[in-house]
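# Inside the fold
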Amino acid sequence: MAPRLPGPIRRVGFLGNMNYPPNVMSLKKFLADYSARIDSLGLELIVAGYGSEVVRTWGTNTTVLGSIDDVVEFYSMVDAVVVPIDHGGGIKVKAVEAMVHGVPVFGTEHVRSGFDTSFRGYVGDIDDLMSGNRITTTAAPPGVVREAFSEVQFQNGVNDLLARSGF
């Protein structure tokens, strides 16, 4: 995959299973906080995923794709993704998946806290994006993403955890 060139952010995506209540809660909060700001900045919010048709009933200005067959097509449509998750543990798969597809990520402090400190710089702050101060960004370099989330890295992490636990 060719690296995405830095450029203005106009189309922001959210991909998630909207039959999963935490995703509904997170997107509703994001829209409550930022819907007017999205419009005033001239951004388009594109929502996709299982059950995402429900977003059409929320009275917000969003483009809803519904269920999609190919995430590659979704990620090619957006300039960045938002991961407005404020609960749960560990790395947020939504953020990693976008990074793997070369798309810049904006998340909450909770999302950034799931990453090693050396990797947090690749997750922009949603507040910065919505302030209008950060209208361009670059994605995490493919080699960095590949290295950080490889099977070898996973195995090394598990082995380290087991060793520290006395196994």
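Residues numbered from 1 in each chain as written. Predicted model: local features only at pLDDT ≥ 70, side-chain atom pairs only at ≥ 80, totals over all residues. Heavy atoms only, no water.

Along the protein chain, the regular secondary structure elements total seven helices and eight strands. Its C-alpha atoms give the protein chain principal-axis dimensions of about 55 × 35 × 30 Å. A total of 167 residues make up the protein chain; the buried ones form 39% of that total. Contacts in the protein chain between residues far apart in sequence, at least 24 positions, make up 62% of those at least 6 positions apart. Accessible area for the protein chain stands at about 9,000 Å²; split by element, carbon and sulfur atoms hold 54% of it. For the protein chain, the centre of its 14 positive side-chain charges and the centre of its 18 negative side-chain charges are spaced 3 Å apart. (Helix = DSSP H or I, 4+ residues; strand = E, 2+ residues; numbered from the N terminus. Buried < 20%, exposed > 50% of the residue type's maximum accessible area, 1.4 Å probe, protein only. Contact = heavy atoms within 4.5 Å. Areas by Shrake-Rupley, 256 points an atom, 1.4 Å probe, with all protein chains shown as cover. Lys, Arg positive; Asp, Glu negative; His and termini not counted. Charge placed at Lys NZ, Arg CZ, Asp CG, Glu CD.)

Here the focus is the confidence of the model for the protein chain. The predicted model of the protein chain has a mean per-residue pLDDT of 87, with 92% of residues at 70 or higher. Averaged pLDDT values over the elements of the protein chain bottom out at 64 in strand β8 (residues 136-137) and peak at 97 in strand β3 (residues 44-48). (pLDDT = per-residue confidence, 0-100.)

Its 20 residues give helix α1 (residues 21-40) an end-to-end C-alpha distance of 28 Å, which sits within 8% of 28 Å, the value for a rise of 1.5 Å per residue. Taking the largest bend as the criterion, α1 deviates by roughly 60°, centred on Y34. Buried within α1 we find N23, V24, S26, L27, F30, L31, Y34, S35 and I38. Check the buried side of α1 and you find it contacts β2 (11-15), β3, β4 (62-66), β5 (80-83), α3 (93-100) and α5 (126-131). (Expected span 1.5 Å × (residues − 1). Bend = angle between axes of the 7 residues up to and from the residue.)

Spatial ordering of the open sheet is given by β4-β3-β2-β5-β6-β7, a layout of six strands whose pairing is parallel. Of all the strands in the sheet, the pair left with one neighbour each is β4 and β7 (123-125). Going across the sheet, the axis of each strand differs from the next one's by a mean of 30°, ignoring polarity. As defined by bridge partners, β5 adjoins strand β6 (residues 105-107) across three bridges and the pair is classed as parallel. Within β6, the residue paired with V83 across the bridge is G107. On top of the sheet, α1 reaches β2, β3, β4 and β5; it is set at about 165° to β3, its chief contact. (Pairing = 2+ DSSP bridges. Axes fitted to C-alpha atoms, helices over the stretch in contact; angles between N-to-C directions.)

A separate point is the packing of aromatic side chains. Summed over all chains, the structure comprises three aromatic pairs. On the numbers, 5.2 Å between centres and 75° between planes, the contact of F74 with Y75 is edge-to-face. Residue classification places F74 among the buried positions, given a relative accessible area of 2%. A centroid spacing of 6.2 Å and a plane angle of 85° characterise the contact between F115 and F149, whose relative ring orientation is edge-to-face. Taken together, the residues F115 in the loop between α4 (109-113) and β7 and F149 in the loop between α6 (142-148) and α7 (151-164) connect sequence positions 34 residues apart. (Phe/Tyr/Trp six-rings, centres within 6.5 Å; stacked < 30°, edge-to-face > 60°.)

Moving on, we get to the nonpolar core. In this structure, L27, F30, I38, L45, V82 and M130 are the most contacted members of the largest nonpolar core, which totals 22 residues. Among the elements of the structure, β2, α1, β3, β5 and α5 are those that each provide at least two residues to this core. Here this core takes six residues from α1, the largest share from any one element. With near-sequence residues (within four places) excluded, F30 lies in contact with S35, I38, L45, V82, P84, I126 and M130. The next biggest cluster of nonpolar side chains, apart from the first, holds 21 residues, and it includes V78, V81, V123 and A140. (Core = buried A, V, L, I, M, F, W, Y, C linked by side-chain atoms within 4.5 Å.)

The next thing to look at is the pattern of salt bridges. This model, assessed by the stated rule, comprises five salt bridges. The salt bridge partner of D33 is K29, with a shortest N-O separation of 2.8 Å. Separated by four residues within a single helix, D33 and K29 lie in helix α1, roughly one turn from each other. Residues joined by salt bridges that share partners form a network here, namely E109, R112 and D125. (Salt bridge = Lys/Arg side-chain N within 4 Å of Asp/Glu carboxyl O.)

A few words on the environment of V93. Here V93 is to be found in helix α3. Through-space distance from the C-alpha of V93 to that of V111 is 9.8 Å; in sequence the pair is 18 residues apart.

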